[in-house]
Amino acid sequence: MVIFKTIPRYILFIHLVICDIILMTLLTLLHLLSYIVFTLNVSLCIVVALLAIAANYNSQLTLAVMSLECYIAVCYPLRHSQICSVKKTYTVIACIWLINVFNLLPDVFIALATEPLEFFHSRVWCGKDRVLRHSYSIEKDKIFNAAVMVLVWLTLIFTYLRILFTAKSAAADARKARNTVLLHSFQLLLSMLTYCRGGRAAFKLLRRDSVANSKPLVSSFIFPLPSHVKS
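As the structure is a computational prediction, the values presented were derived from the model and not from experiment. (Residues numbered from 1 in each chain as written. Predicted model: local features only at pLDDT ≥ 70, side-chain atom pairs only at ≥ 80, totals over all residues. Heavy atoms only, no water.)

## Focus: the overall build of the protein chain
Link 1 in the chain: Summing up its helical and strand segments, the protein chain has 10 helices and 2 strands in all.
Link 2 in the chain: Buried positions account for 42% of the 231 residues belonging to the protein chain.
Link 3 in the chain: Pairs at least 24 residues apart make up 80% of the contacts formed inside the protein chain by residues separated by at least 6 positions. (Helix = DSSP H or I, 4+ residues; strand = E, 2+ residues; numbered from the N terminus. Buried < 20%, exposed > 50% of the residue type's maximum accessible area, 1.4 Å probe, protein only. Contact = heavy atoms within 4.5 Å.)

## As for the state of the cysteines
Link 1 in the chain: By the definition in use, this model includes 1 disulfide.
Link 2 in the chain: Sulfur of Cys84: no disulfide; nearest cysteine sulfur belongs to Cys70 and is 9.4 Å away. (Disulfide = S-S within 2.5 Å.)

## Description of the nonpolar core
Link 1 in the chain: One finds Val42, Ile46 and Val131 to be the most contacted residues of the largest nonpolar core, which totals 38 residues.
Link 2 in the chain: Those elements that place two or more of their residues in this core are α2 (8-36), α3 (42-75), α5 (86-114) and α7 (135-167).
Link 3 in the chain: With 15 residues, the single largest contributor to this core is α3.
Link 4 in the chain: Apart from the residues within four sequence positions on either side, Val131 is in contact with Val42, Cys45, Ile46, Ala111, Phe119 and Val124.
Link 5 in the chain: Of all hydrophobic cores here, the second largest spans 7 residues; its members include Tyr71, Ile72, Cys84 and Ile163. (Core = buried A, V, L, I, M, F, W, Y, C linked by side-chain atoms within 4.5 Å.)

## Some remarks on the side chain of Lys140
Link 1 in the chain: Of note, Lys140 is situated in helix α7.
Link 2 in the chain: When near neighbours in sequence (up to four residues on either side) are disregarded, Lys140 contacts Asn103 and Asp107.

## Brief notes about the packing of α2 against α5
The angle between the axes and the distance between the axes are what describe a pair of packed helices.
Link 1 in the chain: Two elements in contact, α2 and α5, have axes whose closest approach is 9 Å; the angle formed by their N-to-C orientations is 25°. Between α2 and α5, the angle falls in the class roughly parallel. The chirality of how α2 crosses α5 is right-handed. For the pair α2 and α5, the contacting residues are Pro8, Ile11, Leu12, His15, Cys19 and Ile22 in the first and Val86, Thr89, Tyr90, Ile93 and Trp97 in the second. (Axes fitted to C-alpha atoms, helices over the stretch in contact; angles between N-to-C directions. Parallel < 35°, antiparallel > 145°, perpendicular 65-115°, else oblique. Left-handed = near helix turned anticlockwise from the far one by under 90°.)

## With respect to the pattern of salt bridges
Pairing of side chains with opposite charge becomes possible as their charged atoms draw close.
Link 1 in the chain: Tallied over the full model, the rule gives 7 salt bridges.
Link 2 in the chain: Between Lys128 and Asp107 there is a salt bridge, and its shortest N-O distance comes to 3.4 Å. Placement of the pair is Lys128 in helix α6 (residues 128-131) and Asp107 in helix α5, with a sequence separation of 21 residues.
Link 3 in the chain: The class for Lys128 is buried, based on a relative accessible area of 11%.
Link 4 in the chain: Residue classification places Asp107 among the buried residues on the basis of a relative accessible area of 1%.
Link 5 in the chain: Note that Lys140 is salt-bridged to Asp141, the shortest N-O span being 3.6 Å. (Salt bridge = Lys/Arg side-chain N within 4 Å of Asp/Glu carboxyl O.)

## Quick notes on α3
Link 1 in the chain: Taking 1.5 Å of rise per residue, 34 residues should cover 50 Å, and α3 covers 49 Å from first to last C-alpha, within 8% of that figure.
Link 2 in the chain: Burial runs high along α3: 28 of the 34 residues are buried.
Link 3 in the chain: Among the residues of α3, the N-terminal cap falls to Asn41, whose side-chain oxygen and the backbone nitrogen of Ser43 are separated by 2.9 Å. (Expected span 1.5 Å × (residues − 1). Polar contact = N/O pair within 3.5 Å; in protein donor to acceptor, adjacent residues only side chain to side chain.)

## Regarding the confidence of the model for the protein chain
Link 1 in the chain: Looking at the protein chain, the pLDDT average stands at 77 and 71% of residues meet or exceed 70.
Link 2 in the chain: Segment residues 197-231: pLDDT under 50, and 59 contacts once partners within four positions in sequence are set aside and those in other chains are kept. (pLDDT = per-residue confidence, 0-100.)

## Regarding the packing of aromatic side chains
Link 1 in the chain: Using the criterion set out here, one finds 5 aromatic pairs in the structure.
Link 2 in the chain: Taking 4.7 Å as the distance between ring centres and 70° as the angle between the ring planes, the aromatic pair formed by Phe38 and Trp125 counts as edge-to-face. Here the residue Phe38 occupies a position in the loop between α2 and β1 (40-41), and Trp125 occupies one in the loop between β2 (123-124) and α6, the gap between them amounting to 87 residues.
Link 3 in the chain: Residue Trp125 is classed as buried on the basis of its relative accessible area, which comes to 11%. (Phe/Tyr/Trp six-rings, centres within 6.5 Å; stacked < 30°, edge-to-face > 60°.)

## Some words on the environment of Tyr160
Link 1 in the chain: Its location among the elements puts Tyr160 in helix α7.
Link 2 in the chain: For the pair Tyr160 and Ser67, spaced 93 residues apart in sequence, the C-alpha to C-alpha distance is 8.0 Å.

This is how it looks when you write it as structure tokens:
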């Protein structure tokens, strides 16, 4: 158990697992509640939605950081312990959470300023677009999604190529790190399929059919679950 507290790679892995557990728990809870009560209190839905979205973004950003850690371990092995210390690892994790806080808190403030008080005591079908429905929040989400996607993909591509070039003349550890980054890229690709237009269209069609038939829809369509959690 000591290695999970003293090795940055395992600390990041534990953080990834915790984020996925949070997301899995919230999705399971919403799935059950959608069949029991069908609608949720708006205030409760906002809390659940923000936690689920934050956990989802945290997983993607953590994958990028783990790839950088592999890149440093292979390309700068003598400086790895200095650059990737335990203290710096916890600092990076804190920064990941702060990024999500600064991204999501404005949506809450906008809702408090624009929505009537009765809205927060009403009950709705739980989804971020139903409780944080201001046009600014919707546009900001699109920009932030694109920024995260570009940042994480550029990080994965850069680290993979650098490790690939190093692995041609290095030992098996470099090739193992290259395969690890490639796996992270595949995990990120699957988790980002939910941003595709086809996936959104399918979700809207399912939601319309569900409302028309008065049948609850599985909550996992509302907050997409990263594919590496499913596997």
